[in-house]
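Take a look at the letters that make up each chain.
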Amino acid sequence: MLSLYNTLTRQKEVFTPIEPGKVRMYVCGMTVYDYCHLGHARVMVVFDMVSRWLRASGLDVTYVRNITDIDDKIIKRAAENGESIQALTQRFIDAMNQDADALGIVRPTFEPRATEHISGMLALIAQLIANGKAYPAANGDVYYAVREFDGYGKLSGKSLEDLRAGERVDVDPYKRDPLDFVLWKASKAGEPAWASPWGEGRPGWHIECSAMSCHHLGEHFDIHGGGADLQFPHHENEIAQSEGAHGHAYVNYWMHNGFIRVDDEKMSKSLGNFFTIREVLEKFDAEVVRFFILRAHYRSPLNYSDAHLADARNALTRLYTTLKNVPAAEVAIDWANPYAARFQAAMNDDFNTVEAMAVLFELAAESNRSGSAELAGLLKALGGVLGLLQRDAQAFLQGGDDADGLSAEAIEALIAARRAARAAKNWVESDRIRDELTAAGIVLEDGAQGTTWRRAG
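Because the structure is a prediction, the values reported are computed rather than measured.

A.B. asks: Quick rundown of the environment of Val359? Include the residues and the values.
C.D. replies: Assignment of secondary structure puts Val359 in helix α12 (residues 353–370). Each C-alpha atom of the pair Val359 and Arg342 lies 7.1 Å from the other, and the pair is 17 residues apart in sequence. Sequence-distant contacts of Val359, that is, excluding residues within four places in its chain, are made with Tyr339, Arg342 and Phe343.

A.B. asks: Which residues make up the UniProt feature "domain: Cysteinyl-tRNA synthetase class Ia DALR" (unreviewed entry) in the chain, and what are the values?
C.D. replies: UniProt's feature table lists "domain: Cysteinyl-tRNA synthetase class Ia DALR" (unreviewed entry) at residues 342–397, given in the numbering used throughout. With 77% helix and 0% strand, residues 342–397 has its two end C-alpha atoms placed 28 Å apart.

A.B. asks: I'd like a rundown of the packing of helix α10 (residues 306–325) against helix α13 (residues 373–385), residues and numbers included.
C.D. replies: Where α10 contacts α13, the axes come no closer than 10 Å and their chain directions differ by 140°. Classified by the angle between their axes, α10 and α13 sit oblique to one another. As for how α10 packs across α13, the hand of that crossing is left-handed. Contact residues: Leu319, Thr322 and Leu323 in α10; Ala376, Leu379 and Lys380 in α13. Within the contact of α10 with α13, the residues separate by chemical class into 4 nonpolar, 1 polar and 1 charged.

A.B. asks: Go over the pairing of strand β3 (residues 22–31), please, and point to the residues and values.
C.D. replies: In terms of burial, β3 is largely enclosed, as 7 of its 10 residues are buried. Where β3 and strand β4 (residues 60–68) come together, 8 bridges link them in parallel fashion. Bridge pairing in β4 links Thr31 to Thr68. Traced from β3 through helix α1 (residues 38–56) to β4, the parallel crossover comes out right-handed. Bridging between β3 and strand β9 (residues 221–227) involves 3 bridges; their strand directions are parallel. Note on β9: the bridge partner recorded for Met25 is Ile223.

A.B. asks: Describe in detail the state of the cysteines, supporting the description with residues and values.
C.D. replies: Cysteine pairs can be linked by a disulfide, which is a covalent bond between their two sulfur atoms. Across all of its chains, the model carries 0 disulfides by this definition. Cysteine Cys36 is unpaired, with the sulfur of Cys28 as its nearest cysteine sulfur at 14 Å. No disulfide involves Cys209; its sulfur sits 3.8 Å from that of Cys28, the nearest cysteine. On the basis of relative accessibility, which here comes to 1%, the residue Cys209 falls in the buried class.

A.B. asks: Go over the packing of helix α4 (residues 118–130) against helix α7 (residues 231–246), please, and point to the residues and values.
C.D. replies: Where α4 meets α7, the closest approach of the two axes is 8 Å, and the angle between their N-to-C directions is 65°. In this view, α4 runs roughly perpendicular relative to α7, as classed from their interaxial angle. The two elements α4 and α7 cross, and the hand of that crossing is left-handed. Across from Leu124, Gln127 and Leu128 in α4, the residues of α7 making contact are Gln241, Gly244, Ala245 and His246. Of the residues belonging to the contact of α4 with α7, the class tally is 3 nonpolar, 4 polar and no charged.

A.B. asks: Any details on the sheet that holds strand β8 (residues 201–203)? Residues and values, ideally.
C.D. replies: Spatially, the 4 strands line up as an open sheet ordered β5-β6-β7-β8, and their pairing is antiparallel. At either margin of the open sheet sits one strand with a lone partner, and together these are β5 (134–136) and β8. Adjacent strand axes in the sheet meet at a mean angle of 20° when their direction is disregarded. Of the strand pairs in this sheet, strand β7 (residues 181–186) and β8 are connected by 3 bridges, and their pairing is antiparallel. What sits directly across from Lys185, in β8, is Arg202.

Definitions and limits used
- Per chain, the residues get numbers from 1 upward, laid out in the order the sequence is written.
- Predicted model: local features are reported for residues with pLDDT of at least 70 only, side-chain atom pairs are reported and counted for 80 or more only, and whole-chain, interface and lining totals are derived from all residues.
- The basis for the side-chain values is all heavy atoms of the structure; hydrogens and waters are excluded.
- Only runs of H or I of at least four residues qualify as helices and only runs of E of at least two qualify as strands under DSSP, and these elements are numbered from the N terminus.
- Throughout, a contact is declared for two residues whenever any of their heavy atoms are within 4.5 Å.
- UniProt positions are given in the numbering used here, feature names are shortened, and annotations may be inferred rather than shown by experiment.
- The angle between two axes is taken between their N-to-C directions and runs from 0 to 180 degrees, where each axis is a line fitted to C-alpha atoms and a helix contributes only its stretch in contact.
- What sets the label is the angle itself: under 35 degrees gives roughly parallel, over 145 gives roughly antiparallel, 65 to 115 gives roughly perpendicular, and the rest give oblique.
- We call a crossing left-handed when the near helix sits turned anticlockwise from the far one by less than a right angle, and right-handed when that turn is clockwise.
- All residues other than Ala, Val, Leu, Ile, Met, Phe, Trp, Tyr, Cys, Pro, Asp, Glu, Lys and Arg, Gly among them, are scored as polar; the first ten of these are nonpolar and the last four charged.
- Only protein chains enter the accessibility calculation, which uses a 1.4 Å probe; a residue is then buried when its area is under 20% of its type maximum, exposed when over 50%, and partly exposed in between.
- In short, DSSP must find at least two bridges between two strands for them to pair.
- A crossover gets the label right-handed when its path from the first strand over the helix to the second runs clockwise, viewed with the strands pointing away from the viewer.
- We call a pair of cysteine sulfur atoms a disulfide whenever their separation is within 2.5 Å.

In structure tokens:
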């Protein structure tokens, strides 16, 4: 029985789908004007893990992750680049998919783009106006009237009084209240625009997700996820919009993954510690990055550093070394098996991948001790539930970037030269070659079948 932490109620709850056997899940995706960064990687990997576990538990999952392909940053970047908005957004959608594929992300069921759902946004805004929750202003914008929604602040725990006290002096004379937020923005000269009952314009950011989630999952669905930074105001505003329009609950369970920190400081461009996925993958194998993200609990802060990634690489190397030394049998997971049962209990406890990983290492240790192909097979099968350990073990252990080291061909040539030196009893030359390989980060393993090698972690 799965339990998960619900941000809305601030406690763990037993997960009960609205429709038995089916799960409908929406996750806020990327605004595509630049390459994806580490924070995006964590969102993608975490909710990929969630959807994988739900499916492994026998549930039919409809997973929606949206793409924001129109907003102020996109308009500004396209203008700076001298390219069309469509060319800019498609380029970065393609790049996002390449990054996701590298990280082993299973594509969501639907990936709606905001510009494909303008009509749904207009209908939702019209309903909010009809319900007295929104109002068109004289400048052509349409605003949500926050004080007309009694439940505002229930997700973030913020009261209207606290929000008002912390609000900066508002310079928008068209709002009835400084806390009101825009649903529809009147277009400026040269900006993309769509026709609406309130004049030409484009949608505000928050209304996009309310419209797209409703279109694909209905007015009431099971899980809504995203990064902790979206809890307020974005997700708070989604609730206000959706429940204000439809008059009933919007989402049953809200899930938020923790922040990324870099050497114990918050990742930000201003601090110069901002990394794109591509920059990280130039230094570390993509599966190592996935492993690094999943070895921490999804709600915990995740501290990124090269040292932590190197440690993750060493740990993943230990698991693959087991699979190299003990060839895995093909096994179907028997959840009654004590190892599998503990793995299942960990994952059912708010997706506790920390404990689930501990089971993998215990399995590896026992497989190494006993030489059991069945245990190695279970290790590989349980790793597969997390999107790990599915590559050829030798290929992983010998993989890596050759730019700063020896190529596989050069390594094989040195091993052949060492073998010849040993055959000639030239131990000095044999030791020299081993030392050269060791200095290059290559570990040699001599056995009855000859010498194999792997790159050091």
